[in-house]
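The residues making up each chain are set out below.
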Amino acid sequence: MFKFPKDVYVDIRIENVFETIVQKTLGRLEEFKERRYSGAFIRLFDGKRWYYSSTTDVENIQKEIDELYKISSPSDEINEHPIVKKFEVHNGSYLEFEKRAIDNIEKHKKLELVEKYIPIVSENQFVKLWKANYVDKKIVKRFISSKGSDFKFDFQRVGFRIFFELVDGDKKFSERFDTASNYFEDLYNLEDKVKNSLEEAIYYMKNAEDVEPGQYTVILSPEAAGVFAHESFGHKSEADFMIGDENMKKEWSIGKKVGSDILSIVDDGNIKGVGYTPFDDDGTKAKETYLVKNGVLSGRLHSAITAVSLNEELTGNARALNFEFEPIVRMTTTYIKPGEKTLEELISEVDNGFLIKTIKHGSGMSTFTIAPSLAYNIKNGKIDKPVKISVITGTVFDTLNNIDGLSNELELLSFALGGCGKFEQYPLPVGFGGPYVRVKNMNVQ
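So, a few notes on the structure that sits alongside this text.

Rules of the game
Residues numbered from 1 in each chain as written. Predicted model: local features only at pLDDT ≥ 70, side-chain atom pairs only at ≥ 80, totals over all residues. Heavy atoms only, no water. Helix = DSSP H or I, 4+ residues; strand = E, 2+ residues; numbered from the N terminus. Rg over C-alpha atoms; globule rule 2.2 N^0.38 Å. Buried < 20%, exposed > 50% of the residue type's maximum accessible area, 1.4 Å probe, protein only. Contact = heavy atoms within 4.5 Å. Expected span 1.5 Å × (residues − 1). Axes fitted to C-alpha atoms, helices over the stretch in contact; angles between N-to-C directions. Parallel < 35°, antiparallel > 145°, perpendicular 65-115°, else oblique. Left-handed = near helix turned anticlockwise from the far one by under 90°. Nonpolar A, V, L, I, M, F, W, Y, C, P; charged D, E, K, R; others polar. Core = buried A, V, L, I, M, F, W, Y, C linked by side-chain atoms within 4.5 Å. Phe/Tyr/Trp six-rings, centres within 6.5 Å; stacked < 30°, edge-to-face > 60°. Lys NZ or Arg CZ within 6 Å of the ring centre and 35° of its normal. Bend = angle between axes of the 7 residues up to and from the residue. Pairing = 2+ DSSP bridges. 1 Å grid on protein atoms, 1.4 Å probe; cavity = no way out; pocket = protein on both sides within 12 Å on 5 of 7 lines; lining within 4 Å. Points joined across faces, edges and corners; volume = space filled by probe spheres on them.

Some words on the overall build of the chain
No. 1: Counting its secondary structure elements, the chain contains nine helices and 27 strands.
No. 2: The C-alpha atoms of the chain give a radius of gyration of 24 Å, which matches the 22 Å a tight globule of 445 residues would have.
No. 3: For the chain, the spread of C-alpha atoms along the principal axes amounts to about 70 × 55 × 35 Å.
No. 4: Sorting the 445 residues of the chain into buried and exposed places 55% on the buried side.
No. 5: Once local pairs closer than 6 in sequence are excluded, the contacts in the chain between residues at least 24 apart make up 74%.

Concerning helix α5 (residues 222-234)
No. 1: With 13 residues, α5 should cover 18 Å at 1.5 Å per step; its first-to-last C-alpha distance of 15 Å lies more than 12% under that length.
No. 2: Of all 13 residues in α5, 13 are buried, a share of seventy percent or more.

Observations concerning the packing of helix α3 (residues 107-122) against helix α4 (residues 191-207)
No. 1: Direction vectors running N to C along α3 and α4 enclose 25°, while the axes themselves pass 10 Å from each other. Overall, the two elements α3 and α4 adopt an arrangement that is roughly parallel. The crossing of α3 and α4 is right-handed. Of the residues in α4, those in contact with Lys 116, Tyr 117, Ile 120 and Val 121 of α3 are Glu 191, Val 194, Lys 195 and Leu 198.
No. 2: Class assignment of the residues belonging to the contact of α3 with α4 gives a composition of five nonpolar, no polar and three charged.

Some thoughts on the nonpolar core
No. 1: In this structure, Leu 220, Phe 233, Ile 356 and Ile 389 are the most contacted members of the largest nonpolar core, which totals 43 residues.
No. 2: For Ile 356, the residues in contact, after removing those within four places along its chain, are Val 218, Ile 219, Leu 220, Ser 221, Ala 224, Pro 372, Leu 374, Ala 375, Ile 389 and Ile 392.
No. 3: In this structure, Phe 18, Val 22, Ile 118 and Ala 208 belong to the second largest nonpolar core, which totals 33 residues.

What to know about the packing of aromatic side chains
How two aromatic rings sit relative to each other is given by the distance of their centres and the angle of their planes.
No. 1: Scanning the entire structure with this criterion turns up 25 aromatic pairs.
No. 2: With a centroid separation of 6.1 Å and 25° between ring planes, the pair formed by Phe 151 and Phe 153 is classed as stacked. Just as Phe 151 is buried, Phe 153 falls in that class too.
No. 3: We note Lys 422 situated over the ring of Phe 241; from NZ or CZ to the ring centre the distance is 4.5 Å.

Topic: α3
No. 1: Taking 1.5 Å as the rise per residue, α3 with 16 residues should run 22 Å; its terminal C-alpha atoms sit 23 Å apart, in good agreement.
No. 2: The largest bend along α3 reaches roughly 25° and is located at Lys 116, with the proline Pro 119 sitting one to four residues downstream.
No. 3: Turning to α3, its buried residues number three or more, namely Lys 110, Leu 111, Leu 113, Val 114, Tyr 117, Ile 118 and Val 121.
No. 4: Where the residues of α3 are buried, they touch β1 (9-25), β2 (28-45), β5 (127-145), β6 (150-168) and α4.

Remarks on the sheet that holds strand β26 (residues 431-434)
No. 1: Overall, mixed pairing links the six strands, which are arranged β12-β11-β10-β15-β26-β23 in an open sheet. Of all the strands in the sheet, just β12 (296-297) and β23 (411-413) have a single pairing partner and so form its edges.
No. 2: With three bridges joining them, strand β10 (residues 265-268) and strand β15 (residues 333-336) adopt antiparallel strand pairing. Bridge pairing in β15 links Asp 267 to Thr 334.
No. 3: α5 rests against β10, β11 (288-293), β12, β15, β23 and β26 of the sheet, and its axis sits at about 120° to β26.

So, the layout of surface pockets
No. 1: Considering only enclosed or pocket space, the largest pocket measures out at about 890 Å³ in volume.
No. 2: Together, 34 residues line the largest pocket, and Phe 177, Asp 178, Glu 411, Leu 413 and Phe 415 are the ones closest to its centre.
No. 3: Elements that contribute at least two residues to the lining of the largest pocket include exactly β7 (171-181), α4, α5, β23 and β26.
No. 4: With seven residues, β7 is the single largest residue contributor to the lining of the largest pocket.
No. 5: Classifying every residue of the lining of the largest pocket by side-chain character gives 13 nonpolar, 11 polar and 10 charged.
No. 6: If you add up the space inside the second largest pocket, you get close to 730 Å³.
No. 7: Taken together, 32 residues make up the lining of the second largest pocket; nearest its centre are Lys 137, Arg 157, Leu 321, Pro 427 and Pro 429.
No. 8: Contributions of two or more residues to the lining of the second largest pocket are made by β1, β2, β5, β6 and β25 (425-428).

Set out below in structure tokens:
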């Protein structure tokens, strides 16, 4: 057990990590490895400054604590400091994945799994380049604080992605099948989905037409809507962006009407998937946080530091990429709540618009840009030809107010590769998604 110095606050998070990486490219096995490692991040707070240390020598954490203490300025009022008072205290074991742990799966079965799907792509005449990746990671994390917390929880994710580049004469198109879950068994029996993804991409390559730039009604798939919510709204809800910025506080004041009455956006670390975060790295239990409720700005994402600064409640969003980093405010699983219409009803009410099915990437803050991959024209209430759209753009507030329809189905997505980037901490696994979202007057190019 650790001996905490007097008159300072200390917390420690110890991470035991297992991970597997497989990569095959055009038949070559380029990477196939498993590894286990451990590390710890130690924080000390004296009421004025934070002091940090990261180590892979977990047997000598006490030495790291003592070294940090030497350079601190202890205060006998540390327990009355608002940030220290704000920290939650939890004890116990919260292990969800022991019975179906990814490190119990034999290594060769992981290679066999991804190799089952490769022929679907590699044997197709239009595929000129392909790359298959399998990844898994399990982390058992213990959090201990001088305030009395001592608990353990786990997290695991597993997934694969097959990227393929298609060529037919002078026509080219690239797409990927990417999926992830918390359990290895969920990756079986996906042959039809991989095949459908490839066949749709080939159809798109052969038939996609250019679009006439302009303003249109656009229906965003759960993938596109989720990326829009994450990039355009989720990041602006991270409270550390507002500290010291009076204009942004005014622009994003709680209670302000920011969107259509049917729009609600939520962040929740309790939801299983790659964004599952039952406790954050301040030791705060995950909570469901409404960022927007019925079109009204309702909440922000917080660490203990930002919650005290803005006099708001903890949300469980202090996350570090790993034991090498301090926690900063990050999303977990962020999504748009579903509505009441069916997808068919949403489409039937559009005379001339577009359906964005998959995307290449998205970015934004006050304004946003989404680069679609698979997209279709909607004509007279029906899906028509595939179309080439370079980008869809807009301002966040205008777009949120132009949402006029939500489908009644909710799809939350988890991808094997990639993740959220903020400052130097990338890629952090996050979940996102929503229903199909219809938006009027979007700029399409």
